[in-house]
Amino acid sequence: MTWLVTGGAGYIGAHVVRAMVQDGQQVVVLDDLSTGTPDRLDPAARFVPGSLLDPTALADAMHGVTGVVHIAAKKQVGESVAEPLRYYRENVDGLLALLEACRDGGVDRFVFSSSAATYGMPDVELVTEDTPKDPLSPYGETKLVGEWLLRDCAIAYGLRVMCMRYFNVAGAAIPELGDPGVFNLVPLVFQALAKGERPRVFGDDYPTPDGTCIRDYVHVADIAEAHLTAARTLDAGSTGSTYNIGRGTGSSVLEVLEVIGQVTGLEVAYDIVDRRPGDPARVVASVDRIAEDLGFRAEHDLEQMVASAWAGWQLRHP
Ligand code: WQD
């Protein structure tokens, strides 16, 4: 079996490639290196530089492929609000081109990188896959539109699809693969500490036990393992499904800061600032469906996420 991993030079994609190569899968990577970097490329994978929107690169990448793990996408919520057309072009048109290539090439296995951003502001203790979808940003909208496209292709062309809705991804399997972006809570706190600044906590008046927002943080190595499991399940004949990929455990912003202090040995003095618009108080996954269907459970805890992310940060900022 040969799997095309789009975005395989990026933070999450490189972890998925690593897990698939270690499992003995043949892997092709298509990546335009807009945010991914060549040093993340696994030498065991065939690399095609280029965009999904470049027909020549796409045709080259699809050669001999039996399944696709589609991770290449723009993923910054705030940027998507400012540049919605760019997000629809890259995330939706990119997927469309890839699906046409799958249809034309008879590729019927597809693992899609979706997001908890499809749920928006869920008003439930645990978000199940059936919780209503109401994305709050163009980014989340492009992921939901992607899921609809895939559902339609499943009906029309027999595409077998696994939609993987990630919650808050953090950590690194090896320091070299750490998240180079500084957009999410953990790297933002590292950056503040490195600059001698105080990390900011966006609001402490939420209806949660300590007043700060609760999220379901999940280790990127677990995300990668979930993709491998999904791909193998498709290879075994599954017709596909949609899954939350989280731990089923919530951590507040203050709890994350406490673990960062423990792991780094640094004093983490923070400032409470205004709420960030559009932040839900609590987003925690129900992970029963993937456990029951695929036997998958995330194995790493918050401390392992923070420690591995910190090792990666120190490698990039000696
Ligand atoms: C986490 C918590 C903040 C920074 C985003 C996307 C989501 C998904 C994951 C892709 C929140 C608080 C943050 C800071 C803070 N992406 N925070 N101070 O917003 O939960 O999810 O990334 O699929 O779609 O929306 O992640 O890391 O920005 O924030 O207090 O400096 O940390 O308010 O509660 P978020 P985040």
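Above this text you will find the structure in question.
A brief look at the structure comes next.

Cut-offs and rules
- Residue numbers here run from 1 along each chain, matching the order of that chain's written sequence.
- Since the coordinates come from a predicted model, pLDDT governs what is reported: local features require at least 70, and pairs of side-chain atoms require 80 or more to be given and counted, while whole-chain, interface and lining totals use all residues.
- Calculation of side-chain values draws on the structure's entire complement of heavy atoms; hydrogens and water are dropped beforehand.
- A run of H or I in DSSP counts as a helix once it spans at least four residues, and a run of E counts as a strand once it spans at least two, with each numbered from the N terminus.
- Accessible area is worked out with a 1.4 Å probe on protein chains only. A residue is then buried under 20% of its type maximum, exposed over 50%, and partly exposed in between.
- We call two strands paired when DSSP finds no fewer than two bridges between them.
- Here the nonpolar core consists of buried residues drawn from Ala, Val, Leu, Ile, Met, Phe, Trp, Tyr and Cys, with membership extended through side-chain atoms lying within 4.5 Å.
- Only heavy atoms matter for contacts: two residues are in contact if any of them lie within 4.5 Å across the pair.
- Any carboxyl oxygen of Asp or Glu that lies within 4 Å of a side-chain nitrogen of Lys or Arg is treated as forming a salt bridge with it.
- Axes, fitted as lines to C-alpha atoms, cover a helix only where it is in contact. Angles between the N-to-C directions of the axes lie from 0 to 180 degrees.
- Working definition: roughly parallel below 35 degrees, roughly antiparallel above 145 degrees, roughly perpendicular at 65 to 115 degrees, and oblique for all remaining angles.
- Crossing handedness: left-handed means the near helix sits turned counterclockwise from the far one by under a right angle, and right-handed means the same turn made clockwise.
- Side-chain classes are defined by residue name, with Ala, Val, Leu, Ile, Met, Phe, Trp, Tyr, Cys and Pro counting as nonpolar, Asp, Glu, Lys and Arg as charged, and the others, Gly among them, as polar.
- Note on terminology: disulfide denotes any pair of cysteine sulfur atoms within 2.5 Å.

1. Looking at the environment of H63
Step number 1: Along the chain, H63 falls in the loop between α2 (55–62) and β4 (67–70).
Step number 2: On the accessibility criterion, H63 (64% relative accessible area) is exposed.
Step number 3: In this structure, the C-alpha to C-alpha distance between H63 and R282, residues 219 residues apart in sequence, is 43 Å.

2. Focus: the sheet that holds strand β14 (residues 282–283)
Step number 1: Judged by pairing direction, the sheet is mixed, and its 3 strands sit side by side in the order β12-β9-β14 without closing on themselves. Either end of the sheet is taken by a strand with one partner, and the two such strands are β12 (251–252) and β14.
Step number 2: Pairing analysis gives 2 bridges linking strand β9 (residues 214–215) to β14, with the strands arranged parallel. Bridging from a neighbouring strand, R215 pairs with V283 of β14.

3. Notes on the nonpolar core
Step number 1: With 34 residues, the main nonpolar core has I12, M20, V111 and I245 as its most contacted residues.
Step number 2: For this core, the elements supplying multiple residues, two or more each, are β1 (2–6), α1 (11–22), β2 (26–31), β6 (160–166), α7 (220–235), β11 (240–245) and α9 (288–294).
Step number 3: Broken down by element, the residue count for this core peaks at 8 residues, all from α7.
Step number 4: Each residue touching I12, except ones within four places of it in the same chain, is listed here: I71, Y166, V169, V220 and I223.
Step number 5: By size, the runner-up hydrophobic cluster in this structure holds 26 residues, among which are V28, A57, V92 and L99.

4. Quick notes on the pattern of salt bridges
Step number 1: Applying the stated criterion across every chain yields a total of 18 salt bridges.
Step number 2: Measuring nitrogen to oxygen at the nearest pair gives 3.4 Å for the salt bridge that ties R215 to D279. You can see R215 sitting in strand β9 and its partner D279 sitting in the loop between β13 (271–273) and β14, a full 64 residues away along the chain. Here R215 matches D279 in class, with each residue buried.
Step number 3: Among the charged side chains, a salt-bridge network with shared partners connects D108, R109, R160 and D235.

5. Quick notes on the packing of helix α4 (residues 84–105) against helix α5 (residues 138–157)
Step number 1: Across the interface, α4 lies against α5 with an axial gap of 9 Å and an inter-helix angle of 20 degrees. Between α4 and α5, the interaxial angle falls into the category roughly parallel. Note on packing geometry: the crossing formed by α4 with α5 is right-handed. In this structure, α4 uses P84, Y87, Y88, N91, V92, L95, L96, L99 and R103 to contact α5, whose residues at the interface are P138, Y139, E141, T142, V145, G146, L149, L150, C153 and Y157.
Step number 2: By residue class, the composition of the contact of α4 with α5 is 14 nonpolar, 3 polar and 2 charged.

6. Here we look at the sheet that holds β6
Consider a sheet: its strands pair through backbone hydrogen bonds, and that pairing is either parallel or antiparallel.
Step number 1: The strand order across the open sheet formed by 7 strands is β3-β2-β1-β4-β5-β6-β11, and the pairing between neighbours is parallel. The open sheet has two free edges, formed respectively by β3 (46–49) and β11, since each of these has just one partner strand. Here the average twist between neighbouring strands, direction ignored, is 15 degrees.
Step number 2: Across 4 bridges, the pairing between β2 and β3 is parallel. Each bridged residue has a counterpart across the sheet, and for L30 the counterpart in β3 is V48.

7. Observations regarding helix α6 (residues 185–194)
Step number 1: The buried fraction of α6 amounts to 7 of the 10 residues, a majority that puts the element mostly inside the structure.
Step number 2: Buried within α6 are the following residues: L185, V186, P187, V189, F190, A192 and L193.
Step number 3: On the buried face of α6, the contacting elements are β10 (217–219), α8 (253–264) and α10 (302–316).
Step number 4: One or two positions beyond α6, positive phi appears at G196, with a value near 70 degrees.

8. Some points on the packing of α1 against α7
Step number 1: For the pair α1 and α7, interaxial distance at closest approach is 8 Å and the crossing angle is 55 degrees. Our classification of the angle between α1 and α7 gives oblique. At the point where α1 passes α7, the crossing takes the right-handed sense. Between α1 and α7, the contacting residues are Y11, I12, H15, V16, A19 and M20 on the first element and V220, I223, A224, H227, L228 and A231 on the second.

9. Re the state of the cysteines
Step number 1: Going through the model one piece at a time under the given rule, you end up with 0 disulfides.
Step number 2: C102 forms no disulfide, and the closest cysteine sulfur to it belongs to C153, at a distance of 8.6 Å.
Step number 3: In this structure C102 comes out as buried when scored by relative accessible area, which is 2%.

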